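Coordinates in review
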Amino acid sequence: MLKVSTLEKKHEEDIKELKLKHENEMKQVKTKHDEDIRVLRQEILMSRTTGAAHAPHVEQQLSPCQESEPDYTWKIANFTRKLAQAKSDNDDGRIESEPFFTSHGYKMKLLVYLNLALYGFAGYMGVYVILMKSVRDGTLPWPFTKRCTFVLGDQQDDLSQRQNVELVLTPSGQEAFKRPRLHENRSRETLIFVKHSTLRTRQYIRNHTVYIKIQCENDMKQVQVKYENDMKQVQSKHDEDVKLLGQKIDLLQAIGAAHAPLAMQFPQLPLHQQEPEPDYTWKIANFTRKLAQAKSGHDDGIIQSEPFFSSHGYKIKLQVQLNEAPRGYAGYMGVYLGLMKSDRDGSLPWPFTKRCTFILVDQQDDLGQRQNIEAALTPSGQENFKRPRQRENGGMGVPQFVKHSILRTREYIRDHAVYIKILVDT
């Protein structure tokens, strides 16, 4: 009996020693990771300070399945009618965008001439940029020298199948690019953008609408790409180290479980005491009353969130059905999402294919003690995930999200309110 007790005591000491060692290793990895991030942030900050004078020229490249973020996206509605009218009236069909600021701080607006026949270019549409006066001008370098790319969006649902039309403008000392003295500069160059015959092909015009983007050259592009790549490498190394340490802990627990009940005293702690950032958090107040009312009235108790945009640009709203009994799921609450029509749809890939995770939050104060309820929704070609033609598509979701009996446990309802989050995969 004494021998067994001695072995158990030695086993307990071994576990404590290994646990302490692994905790120290974890702290070292985290410290190294944080230090690397701090150094990289200092590097990007220093580069921003000196970039205007020393940053190299960066040639912009687009991958087949990814489009870079524009400085401005201009939606021109009723384009088909406006183009036909300009041609039939022998008019230039001038249309101006609203003013906007580039990422550098220059105020400008876009201008298209739908019909360049009056200027000797029959069958073509022209595009221009006009610099405008603003309170920021005194802090900017002049003349404007940024290389600008105009992009006519091919509105194919499949991003990889798009063939956008691009035109590059390189300022070279023209009067139009000097600091504006009046409300806006007036002189500009004629830029022949696209043939009318080309406009009628592919999906450049969709639902009688076109999208024109402008991307102004960013001197910081190269250092930003390096920063992002370095960040990915640091994060990858950090994640790999954490994974290896987690495997060591799992192995130690397995050995402990096989040899002594003392292993039960060595709990697996979460590696990160934090929750991922959601695309949207929905607070439903007066939840207790609403649930009771739905059940007593044999109603489905539909509640809808306000519309929001996911991190990718899709417009979405959430919906809960507090009582799924009318649909054959008595004692359950369901959760759903619905895609909504928006001005951004023409620049997004379709159908919607992002995996979505619904989260009912356990509102324990201690994050480490929470037991959130999660349910995943994976789109698989259903009609409701196609590009919306009306104001919104029908909802898709999880009718058996959570039992009413579970809702009354832990801290899922607190102060008569619940919180539901949605995470949309990147």
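Everything discussed here concerns the structure shown above.
The present account deals with the structure reproduced in this document. (Residues numbered from 1 in each chain as written. Predicted model: local features only at pLDDT ≥ 70, side-chain atom pairs only at ≥ 80, totals over all residues. Heavy atoms only, no water.)

Quick word on the nonpolar core
- Counting residues in hydrophobic clusters, the biggest one holds 36 residues, and the most contacted among them are Leu318, Leu337, Phe358, Leu360, Phe401 and Ile422.
- Among the elements of the structure, strand E10 (280-284), helix H5 (287-296), strand E13 (315-321), strand E14 (332-340), strand E15 (356-360), strand E16 (373-377), strand E17 (396-403) and strand E18 (418-424) are those that each provide at least two residues to this core.
- Discounting residues that sit within four places of it in the chain, Leu360 has contacts with Asn372, Ile373, Phe401, Val402, Leu407, Tyr412, Val418, Tyr419 and Ile420.
- Counting residues in hydrophobic clusters, the runner-up holds 35 residues, among them Ala86, Tyr106, Phe177 and Leu191. (Core = buried A, V, L, I, M, F, W, Y, C linked by side-chain atoms within 4.5 Å. Buried < 20%, exposed > 50% of the residue type's maximum accessible area, 1.4 Å probe, protein only. Helix = DSSP H or I, 4+ residues; strand = E, 2+ residues; numbered from the N terminus. Contact = heavy atoms within 4.5 Å.)

Describing H5
- Among all positions of H5, only Phe287, Leu291 and Ala294 are buried. The buried residues of H5 occupy an angular sector of 65° when the element is viewed end-on, so they sit on one face.
- Tucked inside the fold, the buried residues of H5 contact E10, E14, helix H6 (404-407) and E18.
- Positive phi shows up at His298, right after H5, with a value of about 50°. (Arc of directions from axis to C-beta.)

Let's talk about the environment of Met396
- By secondary structure assignment, the location of Met396 is in strand E17.
- The residues contacting Met396, other than those within four sequence positions of it, are Tyr336, Leu337, Leu377, Gln382, Asn384 and Phe385.

Points about the state of the cysteines
- Counting across every chain of the model gives zero disulfides.
- Summary of cysteine pairing: Cys216 is not part of a disulfide, and the nearest cysteine sulfur, belonging to Cys148, is at 3.6 Å.
- With relative accessibility at 6%, the residue Cys216 sits in the buried group. (Disulfide = S-S within 2.5 Å.)

Some remarks on the pairing of E18
- Most of E18 is tucked away: six of the seven residues are buried.
- In the sheet, E15 pairs with E18 via five bridges, with the strands oriented antiparallel. Bridge pairing in E18 places Cys356 opposite Val424. (Pairing = 2+ DSSP bridges.)

Looking at the environment of Gly126
- You can see Gly126 is positioned in strand E5 (residues 124-132).
- Owing to a relative accessible area of 0%, Gly126 belongs among the buried residues under this scheme.
- Considered as a pair, Gly126 and Phe193 are 67 residues apart in the sequence and their alpha carbons are 4.9 Å apart.
- For Gly126, the contacting residues outside a window of four places in its chain are Leu111, Val112, Tyr113, Leu116, Leu191 and Phe193.

Describing the sheet that holds strand E7 (residues 165-169)
- Spatial ordering of the open sheet is given by E1-E9-E6-E7, a layout of four strands whose pairing is antiparallel. Since the sheet does not close on itself, it has two edges, and those belong to strand E1 (72-76) and E7, each with one partner. Strand after strand, the sheet turns through a mean of 20° between neighbouring axes, direction not considered.
- Relative to E7, strand E6 (residues 148-152) runs antiparallel, the two sharing five bridges. Residue pairing in the sheet places Leu152 in a bridge with Val165 of E7. (Axes fitted to C-alpha atoms, helices over the stretch in contact; angles between N-to-C directions.)

Regarding the side chain of Arg387
- Mapped onto the fold, Arg387 is located in the loop between E16 and E17.
- One buried charged residue, Arg387, forms no salt bridge at all, with the nearest opposite charge on Asp157 at 4.5 Å.
- If sequence neighbours within four positions are ignored, Arg387 has contacts with Gln155, Asp157, Arg206, Asn207, Asp345, Gly346, Trp350 and Asn393. (Lys, Arg positive; Asp, Glu negative; His and termini not counted. Salt bridge = Lys/Arg side-chain N within 4 Å of Asp/Glu carboxyl O.)

A few points about the sheet that holds E18
- Spatially, four strands are ordered E10-E18-E15-E16 in an open sheet, and the strand pairing comes out antiparallel. Two strands close off the open sheet at either side, each with one partner strand: E10 and E16. Averaged over all pairs of adjacent strands, the angle between strand axes in this sheet comes to 20°, irrespective of strand direction.
- Of the strand pairs in this sheet, E10 and E18 are connected by five bridges, and their pairing is antiparallel. Paired with Tyr280 across the bridge in E18 is Ile422.

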